[in-house]
Amino acid sequence: MKLLLVIVEGHLYLAGIVAIFVAELAFLFWGLWSRRPIIGLVAVFVTVPLLRTTISAIRACFFRITPPEGLPLARSDGRALYDLVEEIRRAVGASTVEGILITDGFNASAVVYWTFWPLRRRRTLVLGLPALTTLSTGELRAVIAHELAHFSSAHDPFAAWVYRTHRSWV
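Quick caveat, the model's predicted, so the values are computed rather than measured.

### A few points about the overall build of the protein chain
Looking only at helices and strands, the protein chain has six helices and four strands in total. Mapped from its N terminus to its C terminus, the protein chain presents α and β elements in the order α-α-β-α-β-β-β-α-α-α. Per-residue burial for the protein chain yields a buried fraction of 30% across its 170 residues. Across the protein chain, every contact between residues at least 6 apart in sequence was considered, and the portion connecting residues at least 24 apart equals 66%.

And the structure:
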């Protein structure tokens, strides 16, 4: 519940920032339109930075999660890994994984992003090659289970909302 309140507070804060910037721009344009000399002078020096800041604040509210980068693992090349992921996915109750990417980092992540065609969410499991080669089978199963839990129906929408809020603040 506390996390939900923090997220709502963050969105209200961003909306307040955008509202203040838009109000300042409206005031400056009103000053120029009504030919007020002092406001016109201030507008000459303030409008460009204020416009850039306003656009940045609005862009912070809207962004796209980009597809992860890595080497896609074909099902024919990694049949054993795909079978392991499918077995764990069923046990965890997660949504279907469309693909597995191999990266050069010692990490693992679950990424959900939108594709333009067809317009749908795509779930990708990202596994680092060092993690694949150094973890034992049990440890690898635990890591995959943890990442696939992010795709579960109870976790997926709320986690995506938290991630988007975090990204907008960054």
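### Looking at the sheet that holds strand β3 (residues 108–115)
What holds strands together in a sheet is hydrogen bonding between their backbones, with the strands either parallel or antiparallel. In space, the four strands of this open sheet follow the order β1-β2-β4-β3, with mixed pairing throughout. In the strand order of this sheet, the two ends are held by β1 (71–73) and β3, each with one partner. For this sheet the average axis-to-axis angle between neighbouring strands, irrespective of direction, equals 35 degrees. Of the strand pairs in this sheet, strand β2 (residues 99–103) and strand β4 (residues 120–128) are connected by five bridges, and their pairing is parallel. By the bridge assignment for β4, G99 is matched with T124.

### Concerning a nonpolar patch on the surface
Together, I38, L41, V42, F45 and V46 line one region of the surface with nonpolar side chains, adding up to about 500 Å² of accessible area. In this fold, I38 is placed in helix α2 (residues 37–61).

### Section: the environment of G105
Positionally, G105 belongs in the loop between β2 and β3. Judged by its relative accessible area of 23%, G105 is partly exposed. Spatially, the C-alpha atoms of G105 and L129 are 6.8 Å apart, while their sequence positions differ by 24 residues. Once residues within four sequence positions are removed from consideration, G105 is found in contact with G128, L129 and P130.

### Considering the pattern of salt bridges
A full pass over the atoms with the stated rule returns three salt bridges. Between E86 and R89 there is a salt bridge; the shortest N-O distance is 2.6 Å. Separated by three residues within a single helix, E86 and R89 lie in helix α3 (residues 79–92), roughly one turn from each other. The closest approach of N and O atoms between R141 and E87, which form a salt bridge, is 2.9 Å.

### Some points on the nonpolar core
Judged by nonpolar contacts, the single largest core of 16 residues is most densely connected at L81, V85, I100, L125, L127, I144 and L148. Mapped by element, the contributors of at least two residues to this core are α3, β2, β4 and α5 (137–149). For this core, the leading source of residues is α3, giving five residues. Among all residues touching I100, those that are not within four sequence positions of it are L71, P72, L73, L81, Y82, V85, L125 and L127.

### So, the pairing of β4
Judged from the eight bridges that link them, β3 and β4 form a sheet pairing that is antiparallel. The residue of β4 that forms the bridge with Y113 is R122.

### Focus: the side chain of T124
Considering the arrangement of structural elements, one finds T124 in strand β4. Aside from chain neighbours lying at most four places away, what touches T124 is P68, G99, L101, S109, A110, V111, Y113 and F151.

### Focus: α5
An α-helical turn contains 3.6 residues, so a residue and the one three or four places further along point in the same direction. The terminal C-alpha atoms of α5, which comprises 13 residues, lie 18 Å apart, in line with the 18 Å expected from a rise of 1.5 Å per residue. The secondary structure elements touched by the buried residues of α5 are α3, β3, β4 and α4 (129–134).

About the cut-offs
- Residues numbered from 1 in each chain as written.
- Predicted model: local features only at pLDDT ≥ 70, side-chain atom pairs only at ≥ 80, totals over all residues.
- Heavy atoms only, no water.
- Helix = DSSP H or I, 4+ residues; strand = E, 2+ residues; numbered from the N terminus.
- Buried < 20%, exposed > 50% of the residue type's maximum accessible area, 1.4 Å probe, protein only.
- Contact = heavy atoms within 4.5 Å.
- Pairing = 2+ DSSP bridges.
- Axes fitted to C-alpha atoms, helices over the stretch in contact; angles between N-to-C directions.
- Patch = residues over 30% accessible without salt bridge, like charges linked within 9 Å, V, L, I, M, F, W, Y side chains within 5 Å.
- Areas by Shrake-Rupley, 256 points an atom, 1.4 Å probe, with all protein chains shown as cover.
- Salt bridge = Lys/Arg side-chain N within 4 Å of Asp/Glu carboxyl O.
- Core = buried A, V, L, I, M, F, W, Y, C linked by side-chain atoms within 4.5 Å.
- Expected span 1.5 Å × (residues − 1).

It is worth stressing that arrangement in space is one thing and function is another; only the former is reported here.
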